[in-house]
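Now for the letters of each chain:
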Amino acid sequence: MRLSRHRLWIGFRGHWVTLLGVAAVAGLVVAVNPGSVALALDHASTVLLVVMLPVVLTLYWVRGVTWYVIVRAAGQPVRFALAIRITFISQMFVFLPGGDLWKVPLVKLEEGDGTDAGVLTGTVVFDDLIYLFVLTFAMVPVVVGTPVLSIPLAVALLPQLAIFAILLSPSVYGALAGRVGKLRPFRRFRRELDLLGPAFRSLVHVRTVLPVVALDAIAASLSISLFALALASVHGTGSDLLHVAFTYSASQVVTNLTVIPGALGAYEGMMTGAMALQGVAPAAAATGALLYRLGNDVLMALIGLVVAVVYDREHLLSLGRSGGPRF
């Protein structure tokens with residue numbers, strides 16, 4: 001019994017943030033009314049739910065292509081098929097600390113010493129930051145017509161600009177990386193931290209940024225379409241596509257800047273509140289957010305698991321035995 005309690009405590013301590021997110025989602029459903037959510041699901045459009053599948057698959061294929069372009073620009077010998085495969089497999093870890101950084105150990109397991117963990121980390125950070133930056137501009141059309149909404153745009157944009165400024169300044173980044181690297185939880189990542197800044201800066205040139213921005217614009221459009229489909233499937237009327245894009249982008253950018261893995265709980269709550277303020281029924285807004293989560297994260301995690309079992313079973317077991325993303 002003592003052993004079981006100990007294991008339970010260890011498991012909770014390692015994933016308490018994720019469990020808190022699950023509790024927040026459950027609390028949202030209770031607050032909105034479980035009966036209303038169930039009714040919205042019962043009347044959901046099967047056709048629109050089915051259409052979500054090719055959209056989400058195309059979305060992550062585009063994200064994989066984007067990461068491949070970045071990785072090759074960084075001089076890392078990662079094959080196209082491998083970049084796509086790892087993009088899908090990494091979705092298994094969306095609710096775990098680290099997020100997309102799980103791509104790094106997955107590549108190292110495949111390619112071994114042929115790749116550099118620090119440079120790969122820089123490519124993942126570059127990929128995510130540019131995507132969020134591009135997604136932020138989906139807010140602009142609504143802001144032009146309603147200037148007061150420039151406040152949430154600033155809230156979403158300013159932290160990103162601060163992060164870019166730090167990464168692009170060798171002296172500032174070097175000083176901060178040195179301090180962070182001395183902290184006990186990050187000591188084993190000191191080399192990766194030292195390389196992340198230079199790797200990021202090496203990617204900031206026209207021949208890399210332009211194709212990445214173009215691909216990210218496509219990915220952002222697909223992401224917005226996926227949420228719009230989820231909302232439409234439960235008849236979430238009351239908001240036009242531009243305002244849906246504004247709300248989706250603001251929620252995604254702001255919640256992704258939190259430390260919550262996958263922004264679980266924070267995203268659903270923010271989306272539901274914002275859509276309800278625009279006139280969408282709270283039950284439809286909450287159900288749409290949950291369906292988006294199921295399609296974008298849960299379904300993709302299952303697809304990633306299937307891909308891993310088919311192509312990378314031994315490597316996946318090796319990663320599990322190692323206890324986490326040890327770069």
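Just above, that's the structure.
Note that this is a predicted model, so its numbers are computed, not measured.

**Student:** In this structure, what is going on with a positive patch on the surface? I would like to understand it.
**Tutor:** On the surface, a cluster of positive charge is contributed by Arg-179, Lys-182, Arg-184, Arg-187 and Arg-190. For Arg-184, the location among the structural elements is in the loop between α9 (170-182) and α10 (190-202).

**Student:** Looking at this model, I keep getting lost on α9. Mind explaining?
**Tutor:** It helps to recall that an α-helix has 3.6 residues per turn; residues three or four apart then point in one direction. Compared with an ideal rise of 1.5 Å per residue, which puts 13 residues at 18 Å, α9 spans 18 Å between its outermost C-alpha atoms and is within 8% of the ideal. For α9, the set of buried residues is Tyr-173, Ala-177 and Gly-181. Projected onto a plane normal to the axis of α9, the buried residues spread over an arc of 60° and lie on a single side. Counted as exposed and oriented over 90 degrees from the buried face of α9: Ser-171, Arg-179 and Lys-182. Tucked into the core, α9 has its buried residues touching α8 (150-168) and α10.

**Student:** How should helix α3 (residues 46-73) be read in this particular structure?
**Tutor:** Between its first and last C-alpha atoms α3 spans 42 Å; for 28 residues at 1.5 Å apiece the expected length is 40 Å, and the two agree. With its phi angle positive at about 80°, Gly-75 sits one or two positions after the end of α3.

**Student:** Where do I start with the nonpolar core in this structure?
**Tutor:** Generally speaking, soluble globular proteins have nonpolar side chains that are buried together. Formed by 47 residues in total, the largest nonpolar core has its most connected members in Leu-135, Phe-227, Tyr-248, Tyr-267, Met-271, Met-275 and Tyr-292. No other element matches the 11 residues that helix α11 (residues 206-233) contributes to this core.

**Student:** Teacher, can you tell me more about the pattern of salt bridges here?
**Tutor:** Close approach of charged atoms lets side chains of opposite charge pair. Summed over all chains, the structure comprises four salt bridges. A salt bridge links Lys-103 to Asp-127, with the shortest nitrogen-to-oxygen separation between them at 3.8 Å. Here Lys-103, found in helix α5 (residues 103-111), pairs with Asp-127, found in helix α6 (residues 117-136); they are 24 residues apart in sequence, far enough to count as distant. Residue Lys-103 shares its accessibility class with Asp-127, and that shared class is buried. Between Arg-293 and Asp-297 there is a salt bridge, with the nearest N and O atoms lying 2.5 Å from each other.

Rules used in this analysis
Residues numbered from 1 in each chain as written. Predicted model: local features only at pLDDT ≥ 70, side-chain atom pairs only at ≥ 80, totals over all residues. Heavy atoms only, no water. Patch = residues over 30% accessible without salt bridge, like charges linked within 9 Å, V, L, I, M, F, W, Y side chains within 5 Å. Areas by Shrake-Rupley, 256 points an atom, 1.4 Å probe, with all protein chains shown as cover. Salt bridge = Lys/Arg side-chain N within 4 Å of Asp/Glu carboxyl O. Lys, Arg positive; Asp, Glu negative; His and termini not counted. Charge placed at Lys NZ, Arg CZ, Asp CG, Glu CD. Helix = DSSP H or I, 4+ residues; strand = E, 2+ residues; numbered from the N terminus. Expected span 1.5 Å × (residues − 1). Buried < 20%, exposed > 50% of the residue type's maximum accessible area, 1.4 Å probe, protein only. Arc of directions from axis to C-beta. Contact = heavy atoms within 4.5 Å. Core = buried A, V, L, I, M, F, W, Y, C linked by side-chain atoms within 4.5 Å.

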